[in-house]
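An overview of the molecular structure
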Amino acid sequence: MTSREQPPPGLPLRCAQGEGTGSVRPGIVRDLGRQPYEPVWRAMQAFTDARDDASADEVWLVEHDPVFTLGQAGKPEHVLMPGDIPVIHVDRGGQVTYHGPGQLVAYPLLDLKRLKIGVRDYVCRIEQAIIDTLGDWNIEAARQAGAPGVYVAGAKIASLGIRVRRGCTFHGLAFNVAGESTAAFARINPCGYAGLQVVALADLGGPSSLAAVKSALLAQLGRQFGLEWRHEAALPAPLAA
């Protein structure tokens, strides 16, 4: 992705096959609270490498300490003024993005083979879950051609960066909730786009509390992937270590 002033015009709000998988399976939610980025990333890798056909699908919710992450094809020139915020090169797709306080990050750890969906459909369903979550607060959002994520009036409110290994997903989505979650984006070209505007849910009249958004987003992710969530307190001991 080269640096441009704005992403291309939007596509329709919905894409094909974004309405559940036709069956309901159990899934696990782990709310990790506020965490540094790298230990959670390494735990995702370990979980994905260790899982088998019997492993339940999970979603991890986290609020990260401030960090810029640069994807596999990421160009360092898109990191303009990192200052005191660390930059970490990671194994997801995409360019550079920011994670920090006030942003809800969700990592779906799903077996796409078992769900019988492809990568493009997976991305579509993630976007639709965010779009429908925003709809809970009467906020109209859209996807953009060639620029994964979710946008409100051309400003990006949620970013996507994924990795699929052996048919299983890790990394995920970052949803700007509180107003403080967007300031550091001025230090980068978000997703490789110079001048791309970034917005938070609270800026649009929605809640600034991550807790309020978690339940809404989980409901929509469950609907999109046919998962019924049960909450577990923390990571399994080997991953937590």
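To keep things clear, this report deals only with the structure shown in the data block. Please read all numbers here as calculations on a predicted model, not as lab measurements.

**Brief notes about the overall build of the protein chain**
When helices and strands are tallied, the protein chain shows 5 helices and 11 strands. In the protein chain, buried positions account for 56% of the 241 residues. Pairs at least 24 residues apart make up 76% of the contacts formed inside the protein chain by residues separated by at least 6 positions. Approximately 10,000 Å² of the protein chain is accessible, and the part contributed by carbon and sulfur atoms is 55%.

**Digging into the sheet that holds strand β5 (residues 96-99)**
Spatial ordering of the open sheet is given by β4-β3-β5, a layout of 3 strands whose pairing is mixed. Edge positions in the sheet fall to β4 (87-89) and β5, since each has one partner strand and no second. Strand after strand, the sheet turns through a mean of 30° between neighbouring axes, direction not considered. In this structure, strand β3 (residues 67-70) lies alongside β4, joined through 3 bridges in parallel fashion. Paired with Leu-70 across the two strands is His-89, which belongs to β4. Contacts between helix α1 (residues 37-50) and the sheet are confined to β3, β4 and β5, with β4 contributing the most and set at about 15° to the helix.

**Structural notes on the pairing of β3**
Here β3 shows a buried face lined by Val-67 and Thr-69 and a second buried face lined by Phe-68 and Leu-70. Bridge count between β3 and β5: 4 bridges; the pairing is antiparallel. Within β5, the position partnered with Leu-70 by the bridge is Val-96.

**Points about the packing of aromatic side chains**
In total, this model carries 5 aromatic pairs according to the counting rule given. Ring plane angle 40° and centroid distance 6.2 Å describe the contact between Tyr-37 and Trp-41, whose orientation is recorded as tilted. In this pair, Tyr-37 and Trp-41 both sit in helix α1, 4 residues apart, roughly one turn of the helix. By relative accessible area, which is 5% here, Trp-41 ends up buried. Geometrically, the ring pair formed by Phe-68 and Tyr-98 is tilted, given 5.6 Å between the ring centres and 55° between the ring planes. Residue Phe-68 is found in strand β3, and its partner Tyr-98 is found in strand β5; the two are separated by 30 residues along the sequence. Linked through ring pairs, Phe-68, Tyr-98 and Phe-185 together constitute an aromatic cluster. Between the NZ or CZ atom of Arg-42 and the centre of the ring of Trp-41, over which it lies, the distance is 3.9 Å.

**Things to note about the environment of Gly-172**
Counting through the fold element by element, Gly-172 comes out in strand β10 (residues 168-176). Considered as a pair, Gly-172 and Ile-126 are 46 residues apart in the sequence and their alpha carbons are 8.5 Å apart.

**What about the sheet that holds strand β2 (residues 57-64)?**
By definition, the strands of a sheet pair up through backbone hydrogen bonds, in either a parallel or an antiparallel sense. The 8 strands are arranged β7-β8-β9-β10-β6-β2-β1-β11 in an open sheet whose pairing can be described as mixed. Edge strands, defined here as strands with exactly one partner in the open sheet, are β7 (142-144) and β11 (227-232). Strand-to-strand twist across the sheet, computed as the mean angle between neighbouring axes with direction ignored, equals 25°. Relative to β10, strand β9 (residues 155-165) runs antiparallel, the two sharing 8 bridges. Bridge assignment links Ser-159 to a residue of β10, and that residue is Ala-174.

**Comments concerning the side chain of His-64**
Looking at the secondary structure, you find His-64 in strand β2. Assessed through its relative accessible area of 0%, His-64 is described here as buried. In this structure the side chain of His-64 is engaged in a polar contact, spanning 3.1 Å, whose partner is the backbone oxygen of Gln-35. One polar contact links His-64 to Tyr-107, side chain to side chain, over a distance of 2.8 Å. Among all residues touching His-64, those that are not within four sequence positions of it are Arg-34, Gln-35, Pro-36, Tyr-37, Val-40, His-99, Gly-100, Pro-101, Val-105 and Tyr-107.

**Some points on the packing of helix α3 (residues 119-135) against helix α4 (residues 210-225)**
Where α3 contacts α4, the axes come no closer than 9 Å and their chain directions differ by 140°. Comparing the axis directions of α3 and α4 gives the class oblique. The two elements α3 and α4 cross, and the hand of that crossing is right-handed. Between α3, through Tyr-122, Arg-125, Ile-126, Gln-128, Ala-129, Ile-130, Asp-132 and Thr-133, and α4, the contact on the second element is made entirely by Val-213, Ala-216, Leu-217, Gln-220, Leu-221, Arg-223, Gln-224 and Phe-225. Partitioning the contact of α3 with α4 into residue classes produces 9 nonpolar, 4 polar and 3 charged.

Definitions and limits used
- Residues numbered from 1 in each chain as written.
- Predicted model: local features only at pLDDT ≥ 70, side-chain atom pairs only at ≥ 80, totals over all residues.
- Heavy atoms only, no water.
- Helix = DSSP H or I, 4+ residues; strand = E, 2+ residues; numbered from the N terminus.
- Buried < 20%, exposed > 50% of the residue type's maximum accessible area, 1.4 Å probe, protein only.
- Contact = heavy atoms within 4.5 Å.
- Areas by Shrake-Rupley, 256 points an atom, 1.4 Å probe, with all protein chains shown as cover.
- Pairing = 2+ DSSP bridges.
- Axes fitted to C-alpha atoms, helices over the stretch in contact; angles between N-to-C directions.
- Phe/Tyr/Trp six-rings, centres within 6.5 Å; stacked < 30°, edge-to-face > 60°.
- Lys NZ or Arg CZ within 6 Å of the ring centre and 35° of its normal.
- Polar contact = N/O pair within 3.5 Å; in protein donor to acceptor, adjacent residues only side chain to side chain.
- Parallel < 35°, antiparallel > 145°, perpendicular 65-115°, else oblique.
- Left-handed = near helix turned anticlockwise from the far one by under 90°.
- Nonpolar A, V, L, I, M, F, W, Y, C, P; charged D, E, K, R; others polar.

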